[in-house]
Structures are given as C-alpha cells and as structure tokens.
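What follows is the residue order along each chain.
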Amino acid sequence: MDSKSPVENLYSIEPALSSSSRRSNFSTHSRVSGGNSIREVNFGDLGSKPVRYGSRGADSETYSMSQREISDEDARLVHINDPVKTNERFEFAGNSIRTGKYSILTFLPRNLFEQFHRVAYIYFLVIAVLNQLPQLAVFGRGASIMPLAFVLLVTAVKDAYEDFRRHRSDRIENNRLASVLVNDQFQQKKWKNIQVGEVIKIHANETIPCDIVLLSTSDPTGVAYVQTINLDGESNLKTRYAKQETILKTPEKERVTGLIKCEKPNRNIYGFQANMEIDGKRLSLGPSNIILRGCELKNTAWAVGVVVYAGRETKAMLNNSGAPSKRSRLETHMNSEIIFLSLFLIALCTVVSVCAAVWLRRNRHKLDYLPFYRRKYFSEEEDDNEDYNYYGWGLEIFFTFLMSVIVFQIMIPISLYISMELVRVGQAYFMIRDSQMYDESSNSRFQCRALNINEDLGQIKYVFSDKTGTLTENKMEFRCASIWGVDYSGGKAISQDQEDGYYVQVDRKVLRPKMMVKTDPELLQLARNGKETKEGSHIHEFFLSLAACNTIVPLIVDTPDPTVKLIDYQGESPDEQALVYAAASYGFMLIERTSGHIVIDIQGERQRFNVLGLHEFDSDRKRMSVILGFPDKSVKVFVKGADTTMFSVIDRSINMNIIRSTEANLHSYSSSGLRTLVIGMRELSSSEFEEWHSAFEAASTAVMGRARLLRKVASNVENNLCILGASGIEDKLQQGVPEAIESLRTAGIKVWVLTGDKQETAISIGYSSKLLTTKMTQIIINSNSKESCRKSIEDAINMSKKLTTIPVTANDTGGISRAGLTPVALIIDGTSLVYILDSELEEKLFQLASNCSVVLCCRVAPLQKAGIVALVKKRAADMTLAIGDGANDVSMIQMADVGVGISGQEGRQAVMASDFAMGQFRFLVTLLFVHGHWNYQRMGYMILYNFYRNAVFVLVLFWYVLFTCFTLTTAINEWSSVLYSVIYTSVPTIVVGILDKDLSRRTLLKYPHLYGAGHRDECYNKRLFWITMIDTFWQSAVVFFIPLLAYWGSTIDAPSIGDLWTLAVVILVNLHLAMDVIRWNWITHAAIWGSIIATCICVIVIDAIPSLVGYWYGPLSSFFLL
C-alpha cells in the first residue's frame, strides 16, 4: 500500500494528473542489458486538456457527508452541557452498544430462519413433515426428524455460544466508567448512561467512550495526543486540538454553554464537519477537533470534550461490519451435482411409482385380502361400500411416490454440510499452527478469518497485489536528495551511530533522534557550514521544509542512561517520518510541536516558528503546505507533494535549468525504485498573507461549501513556487518476494501489481521483484482521452497477438518444432483506467491483459483497484486473490474471491476486511502451494465420497423395493438408516478430509507446476462425479444380491438380512475409503476401523431394544449370519 497521510489514503479516489510534458507517441525501442534485449512499446497521447475524472474516479463511498457540504437538513444540533435540551426535539441514541445478533426471545425463530436459507434443510424438513402423516409413515416419527434436528442443534449451539460471547463483551463495555459533568462536578457514570450533549473528562491512558469534540486539555495550547489502534490498527500517535476560545474554560468553575451544529452520523472516520457557537463567536470544527470512540488518550494528563455521537451512532460502531460473505467455488459447483442427485432421486421414485401402478392394476382383484392393502372391511358393522386401508389407484400411486422420497431421502447428503464445516475448522487449525507462516519480526501467526473458502486457495489463477507494504517492507529510509538541481546521491553514504550522530543538549540532557539515517558526507558538511553561501541557503531551506512541512509529533523517550533522551517522531505516514529523521540527521531537529508553533534545533541553535496555517493532503491537490512565521517577521509557505502536481505550481519563468535538472534527478530516483517528493516554497508579502488569512478564516467558518472553499484557498497560495529540490526514499523489498513471484508464475498464476506509485518506480520494483524480466516486451499505455485509450488498446492487442503467436517450423528430421512464446508485460496508469473502467473498453482491456504474462497498474486509486479485480471476475471463470496491507486495499480485498491482508505498518484495516491474514508476502507460496493444494484435494474427494456412500446405501434400498411389490417396506432398521450418515460413516470422512496428503510439503514447494491440478479441476469435476455414480450401481448390486442369493429360500427374516446389508455397506464404503487414503497415521486407522466396529455394536444394541422392529431376531440372526 502506498504510504500517505490517512486523508490522502482514504480519499485518493481520483488518479493523478499525467505530466503535461507527455507527448503522443507509438514507439518501439530496444536496449541491451546483460546480453538480453528489452523491447518496450509505449502508447500515449498529448494531454493538453485537463483530465476529466469519470468511471471510478469520483464515485467513492468514502466521499461521505464530511467531504460534501453540510446543510440545515443534514445537521445535528448539540447543546453543550445540556443533554436535556439536546435530546428534546430528537432523542439521539444512547451510548449503550449491542453487537449481539439475538435475544432470548428472538434466538429460536431468527436462528432457524437463517439456517433454513439452505435449500437442503428445507428439503429435509418437508421429508420429516411428510413422514408424520399416517398414510406416508415409513420410518418412526422420531427417527425421521433426528438427522435434521441434529444438524440444526449443532449449528444453533455454535451460533448461541458465539452470540453469548458478543453479549458478554457488550456488557463489559457498557458498564465501564467515565467522568461526566453533573451539577458542575465530574462524577463517575457508566458508559451506557452517557448522553449526547454531556461534557466528559478523559484521563491519560483511558479509552474514549463516545465521539467527543475537544474543549480543553492539560496542555496550555490545547493539544491532545491519541492512539487509534483500536479503531484502525495504527499505533502512531495523532494530534487533536481544542479551539483557542474554549481552552481556558474550566467546566467545574464556570458553566460552559454553546451550540454545535454538526453533520449527521456517518462512517467516515477521517472526516468531520461542524460549527460551534460559543460566546457569540462562530468557530469551525474539523477532523482535528474530534476524538472518536475507541481511541486512547496518550501523553496528555486529561482532556475535556462534549459528546456529539454516542452508542451505535459513533463512527466506530457504524464501521463495525465484517467482510462480505463468500462461498467457495467447490461448494457452488457441488450444488449442480446436488440438483442432478435430486433429479436422480425423482427418477428412482418415478420408477417405483410406475412399477407400483402396474402391479396394482395387475393384482387389483387380490387387494381385498392382501395384508398390506386389505381393501375390504371384515367387520359386520362397517359399510361395505367403504374401503378399509386403500385410497384408490391414483392416490396409492401418489402416496407411493412420496413414500419413495422418504425412503431414499439420504440421496441428498445432509451430513455433508456439517462434515464440510468440521473439515474446514480442522484445516484452519493446521494452517494457523504452520510454523513456516509465522512472522518473527511482527510476532504474528497466520490468521484464518473465513472458514468457508479454504479450498479456494487451491484454485487461484490471478493474484492482485499492492506494492508498498505488501511487496515492500514499508519501512522508509531517506536515501538521496536533489537540492537546487544538484544530485546528492553519488557519494558514499555513511551510517551514523548514536555517538557520532547529531544531537542537542537541553537542560544538561542529550537529545538524539531515535533512528539514525545514512548521510552523504558532502551534503552533511554543506549543511553544517550554514546559509552564508547561496548553496548553503538552498540547503538550509530544503531541510527546514522537511522538518516543518509535516504533521509529525516529537515524543521524548527515556533510555537506560538518565542523561540521554531519544526523540521518537510519531506520524501518520512513514514517508513523513523518514523525511523528519533525515532532517534531524543533517542538523535540523524538530523538538516541539503545538497547534500554534514548532521548535526546530538548527545546527545547535533553537528557533521557534509560528504555524500560521496548514493545508493537509487531499485527493485533488496531491500535496500539503504549511505557512510559517519566522523570527524576523517574514512569512513563507513550504509545499511538498507528488511531482505530477508540484510541477504544475512551480514558477517556470525562472530557474528553468534547475527545474530540468530536478526532473532528470527525479527520473533517475524513480528508475532506481525510490519514492519521490518535490519540495517548493515562496515568501508571502504582507498583502498576500492578509489576503490568504482572511480567505482562510472565511472558508473555515463557512456553513456551506467549506471543503470546496478550503481547497480553493490552498490552491491560491500554493502557486508560483520556487523549487527547492526533491527527495528519494527507499522502501526495500520484503524477504523472499522475488522467489515467491517467480514460483507463482511457474505455477501458472498471473500476478498483477496495482500501485499508486510513479510508473518508473513501479517498473524498477517490478524488475527487482522478478515480476518483470529482461526477456519481456513491455506495452505501456498512458492516455489522456477515451479515444486515445481505444486506439492504444487496439494497437496493443494487435502487437500482443503477434508476439504471443507460436510459429510452427519444420526441423531437419521432418518433425515439427515450435518457437517459444514471447512474454508480454502490460503497464498502464490510473489516468487511462479512468476512461476504460465502466465503459465498453473494459472488454478490450481484458482481451489485451489475457495475452500478457504480467500486468502492472500505476497511479491507481483504491476504487480503481477494486474495478480491475471486478473486470477480471466478470469475464474470466478463474479464481482471483487480492493481497494488500492498508486501508486503500480494502475494496480490492473484498472484491476478490479470496482476500489476504498483510499485518504491516499501516494499520489493520486490510486484515480486518480480509479472509486470511499473514505477516509476509512470501508466505503466500506456502499458503497456496501447500495448504491450498491439500485443502482442495481433500475437499474435492470428500464431496465425491459423500455422494458415493449415500448413493450406495440408497440403491441397496432401491433393489430391495423391487422384491417387495413396490410397497416401500425396508429391511434395514430405520435407526440404522438415520445413523448411517451420522455415526457409521461420517468420522472417517472428516478425519481423511483433515489429515490426508496426496503429496508432501517439500514436493509441492519444489515443483510449483503441481499447483495446476486446481486450475484443471482434477480433484472435482463432472467426469469424476459420473464415474463415481456408475461405481455405485455395480457395487450396490454386489452388496445386495450376493447376500440375497446366498440366503434365497431360507427362513431368514427381513430385519436379519437387513442388518447384514447394513454391515456390508458400511464395510464396503470404509474399505473404499481406506484404498484411497494416501498418508496413513494412527488417527486414520482408528477412524476407519473404529467406525466398522462401532457399526457392529450399534446394530446389536438397536436390535436389542424391545420397542424397535427386529427385537431379538436381529442380534441372533446377525451373529448366525456373520
């Protein structure tokens, strides 16, 4: 994921503008590197017009109300310290939360309603109901209900336990205590009783109970430091500010009153818009003035705020939703086979019904005396015109059909659903316990957050990966700088240790940066020489901008030496942290930051600068700026941002040579895989500052159009800048990434990288990660209009077809040889995707991408990532996997068939939205090649085996019906029919589904092409299904007819031979399973042979119960037969 400030991360939904110097071209050129020819094809166009943001460029869900403008209809009125008046007109939600799904009264109906969303459950419910009718009663009423009741009970117990845990957590949370202002005194109050409008006081290290607007803090400047790890997983401290007008107010001594007009509750955790009227003044409130529920107060003794959102209306609770439910592809395909089994069941029942109809017609004169029908009454009192136990030829046929459905019901395996759930739990256990997917650096194990798609890991064809934090470490390190056109990257950087690095002395104590940075000796010496020379002046302003233009908070950290303290720079962006640490290493150390000023130690001299204004990153400007008041009363604006937007606000009428040199250096940095930022500044005159200040104040207090006005104010001051230079930051590849990508490609998996970085940076990382190779032909599409996109894609399709066509040539021996394919890599930017996604060009892009071995998308926005995944899902029947580490990867992760989150440096948003989570990208190889292959192979076999074992049993019942005049009487005990799927044969299936291994871990990792078994559906397909069904016919016939013919003409009764058939079927299916087991262990032996023994015991016990059919005859006969 790309490291930016959270605001830019969340709202970067529009692609960056392409450089205005980009020219229209269609060129092919080659260069030699290491003896290999690199061919590059570039498609682009002249972009003189501004980019029109369409497609997925401006429809992000994250543009909530706080990004739009607040109106009276959308406003919430909060009276400070007056909850009664606040809730007088509209009673806002209390602070009590409830995450549980059920209550005592609603659990049974709601849980049953949810479970019966599975059609198979409805089927078995209908069967059980039919069996309760006297005319259709084949089994005992209790026996027919038991299978469904057992499945429903197990699921209900699981759901009840999970919901009990949620209710217990809610109870603990609601009963926590907070200090609330009551009658001008702070008193302890349970969280669930807090109301909107009340004033609360939070102490250090306490958790915020609801969303509050900050009024005052223990810091005289009104600053509060909060940690949002419970909200978004980010551990870095963030700053929040109280307004100057409320800082000095003490609620205990003087009554604080006022009115806050804020937006209605919404899910945007990074946005807030409101106005506060207090003491006759109207003040604007923004995201920096609100602290959200779940945050913790750090490095601040206390903070006082007023509640604006409570309970379920807090932003944290509104975001408290899990990832969308996903179903595995294997289970989806299984449904089609279940439909066929249903048709097969109907066919069997139809055959029985037709045969019964023929038999009844032929024997209609005997029905009066046959015991089963006994149509005639023999009682003298009864009317001879009425039938005793016969409902007529038509109804008898209909009843026979329904009774057949009841007898053959297990053709649809209800136990399969429970078995699949248990197998997935077992598979997840072994994935979590796999030591090869344990990350020591972050002390994190593999997480299985979705249990219903384990087998999909064995069929992945497309992998969509973020770059920053996923392929790279997201630990930024300052490597080089271009200052006033001079490149300071050629010298040998030296690593400073704690003794030689820069430090300052404060109150006889030494302050050092917590992290040391490699420095360029020449640049370090020039920085120490001061700003007397022109060159020194530029270097001074460059590093001053790095130290000042950010939102970093310096924190003092103790060390074992009481005379030495460390400065830990806490910030929301790793890029900003790297730049501030670099400035400190060159002698520009940020020491203190408040809402109104910063203190920087410059080469041993402490200087204080007033922060007159700060414009943070947004999705339009792609830059941030700070306006500083200097000790000499001058005012300067420092700006940093992406080169695509910075060069548009640089004054090109002066210093063109410096600009060209900086552009050349930027290209060099990007080609080396470095992340780049451009730095600029200009001095504001008194009139310019006054004009900006008045416009800024007007925009900040505007009721309507505030966000738009603030962007306009920022754009007006961020122009005609003098370029200071550019920075290069390295984000190193994670360990094992090149090897992992090479293995994935060897396995036939297509890897697409979607990043927000510059094209040159992405290409460089592509080479270092072995995503791109020197033998690939690169097709580059950079377009600024829809028509140019169309032409570029069509030309690229033609070229890719030529490159991927396999020429056939005759060899000397008369045979045929084929030349190798020329691999093609597609590189496309976000601006081009604006015109492609959600348009007719999507089909052409997919056609082009299908011909490419690698696709690399640069400068893409979060929703564009999801759009690309959706493009492939809609047009390909292959499985997709998306992997990322941060908030801007969430939509992509949730869109893919399988989502994987990386526990990285940028919070846990991706992990919380994912199906699986792990610490390193390289673990993906083990996850897919080993566990994915095993899970797919096991689950595919288990489904087929379940179909097989149930079909064998049903066909044995069917053969018996043919010998009983189609009366649907059964020789097999009804309880044995019920227990067949529950006890007799279920345990071995589950054990084999969890433990069996067709190939060893070492073999699967050594030969990645073995993963192709999942791509080819080798373990579960229609051919295997039909072969399995054909097997059931002859095997069931053998099991039925051999005992029947062996005892033909004997005096053996039906229950006895029925027990023999039961034992024969159980032994058969377990031997079949044993023959297919590849990796034996003691658990497998115990499950298979133990099930056969358990069946014998159950048959004896069932036959020994007086109330059941076959009492005494069954055990004696069974022993005799055995």
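Before any of the text, the structure's been laid out above.
Residues numbered from 1 in each chain as written. Predicted model: local features only at pLDDT ≥ 70, side-chain atom pairs only at ≥ 80, totals over all residues. Heavy atoms only, no water.

Asks: In this structure, what is going on with the packing of aromatic side chains? I would like to understand it.
Replies: All chains considered together, the criterion is met by 37 aromatic pairs. Ring geometry for Phe-543 versus Phe-588: centroids 5.8 Å apart, planes at 25°, classification stacked. A residue pair is termed long-range when its members are at least 10 positions apart, and Phe-543 in helix H13 (residues 534–548) and Phe-588 in strand S24 (residues 588–593) qualify at 45 residues. Accessibility expressed as a relative area gives 0% for Phe-543, which makes it buried. We classify Phe-588 as buried; its relative accessible area is 1%. Each ring, one from Tyr-569 and one from Tyr-581, has its centre 5.0 Å from the other, and the planes form 70°; the classification is edge-to-face. In this pair, Tyr-569 sits in strand S23 (residues 564–570) while Tyr-581 sits in helix H14 (residues 574–585), placing the two residues twelve residues apart along the sequence. Three or more aromatic residues joined by ring pairs make a cluster, and in this case those are Phe-408, Phe-958, Trp-959, Tyr-960, Phe-963, Phe-1040, Phe-1041, Trp-1048 and Trp-1061. Here the guanidinium or amino end of Arg-76 rests over the ring plane of Phe-92, the centre of that ring lying 3.9 Å away. (Phe/Tyr/Trp six-rings, centres within 6.5 Å; stacked < 30°, edge-to-face > 60°. Helix = DSSP H or I, 4+ residues; strand = E, 2+ residues; numbered from the N terminus. Buried < 20%, exposed > 50% of the residue type's maximum accessible area, 1.4 Å probe, protein only. Lys NZ or Arg CZ within 6 Å of the ring centre and 35° of its normal.)

Asks: Quick question: what am I supposed to make of the side chain of Thr-472 here?
Replies: Assignment of secondary structure puts Thr-472 in strand S18 (residues 472–483). What makes Thr-472 buried here is its relative accessible area of 0%. Among the polar contacts listed, one links the side chain of Thr-472 to the side chain of Asp-731, at a separation of 2.5 Å. Filtering out sequence-adjacent residues up to four positions away, Thr-472 remains in contact with Lys-467, Asp-731, Lys-732, Leu-733 and Gln-734. (Polar contact = N/O pair within 3.5 Å; in protein donor to acceptor, adjacent residues only side chain to side chain. Contact = heavy atoms within 4.5 Å.)

Asks: What should I look at first to understand the packing of helix H11 (residues 415–432) against helix H29 (residues 986–995) in this one?
Replies: A packed helix pair is summarised by two numbers, namely the angle formed by the two axes and the spacing between the axes. In the contact formed by H11 and H29, the axes pass within 9 Å of each other and the chain directions differ by 30°. With respect to H29, the element H11 is oriented roughly parallel. Where H11 crosses over H29, the handedness of that crossing is right-handed. On H29, the residues that touch Ser-419, Leu-422, Val-423, Gly-426, Gln-427 and Phe-430 of H11 are Ile-990, Gly-993, Ile-994 and Leu-995. Per-class residue counts for the contact of H11 with H29 are six nonpolar, four polar and no charged. (Axes fitted to C-alpha atoms, helices over the stretch in contact; angles between N-to-C directions. Parallel < 35°, antiparallel > 145°, perpendicular 65-115°, else oblique. Left-handed = near helix turned anticlockwise from the far one by under 90°. Nonpolar A, V, L, I, M, F, W, Y, C, P; charged D, E, K, R; others polar.)

Asks: Explain helix H21 (residues 786–804) here, please?
Replies: Three- or four-residue spacings in an α-helix give side chains the same orientation, since the helix completes a turn every 3.6 residues. Relative to the 27 Å expected for 19 residues at 1.5 Å per residue, H21 spans 26 Å between its end C-alpha atoms, a close match to the ideal helical length. For H21, the full list of buried residues reads Ser-788, Cys-789, Ser-792, Ile-793, Ala-796, Ile-797, Met-799, Ser-800 and Leu-803. (Expected span 1.5 Å × (residues − 1).)

Asks: Please clarify how helix H32 (residues 1022–1046) should be interpreted in this entry.
Replies: Compared with the 36 Å implied by 1.5 Å per residue over 25 residues, the 37 Å span of H32 between its first and last C-alpha is a close match. Along H32, the residues classified as buried are Phe-1025, Thr-1028, Met-1029, Thr-1032, Gln-1035, Ser-1036, Ala-1037, Val-1039, Phe-1040, Pro-1043 and Leu-1044. Contacts made by the buried residues of H32 are with helix H9 (329–362), helix H27 (923–961) and helix H33 (1054–1076). For H32, the N-terminal capping position is held by Asn-1021, with its side-chain oxygen 3.1 Å away from the main-chain nitrogen of Arg-1023.

Asks: Just checking my understanding: could you explain the pairing of strand S17 (residues 460–465) for this structure?
Replies: In regular strands, side chains alternate between the two faces of the sheet. Counting buried positions along S17 gives five out of six residues, so the element sits mostly inside the fold. In the sheet, S17 pairs with strand S37 (residues 879–884) via five bridges, with the strands oriented parallel. By the bridge assignment, Tyr-462 is partnered in S37 with Thr-880. Where S17 and strand S31 (residues 750–754) come together, four bridges link them in parallel fashion. Along S31, the bridge assignment pairs Tyr-462 with Lys-750. (Pairing = 2+ DSSP bridges.)

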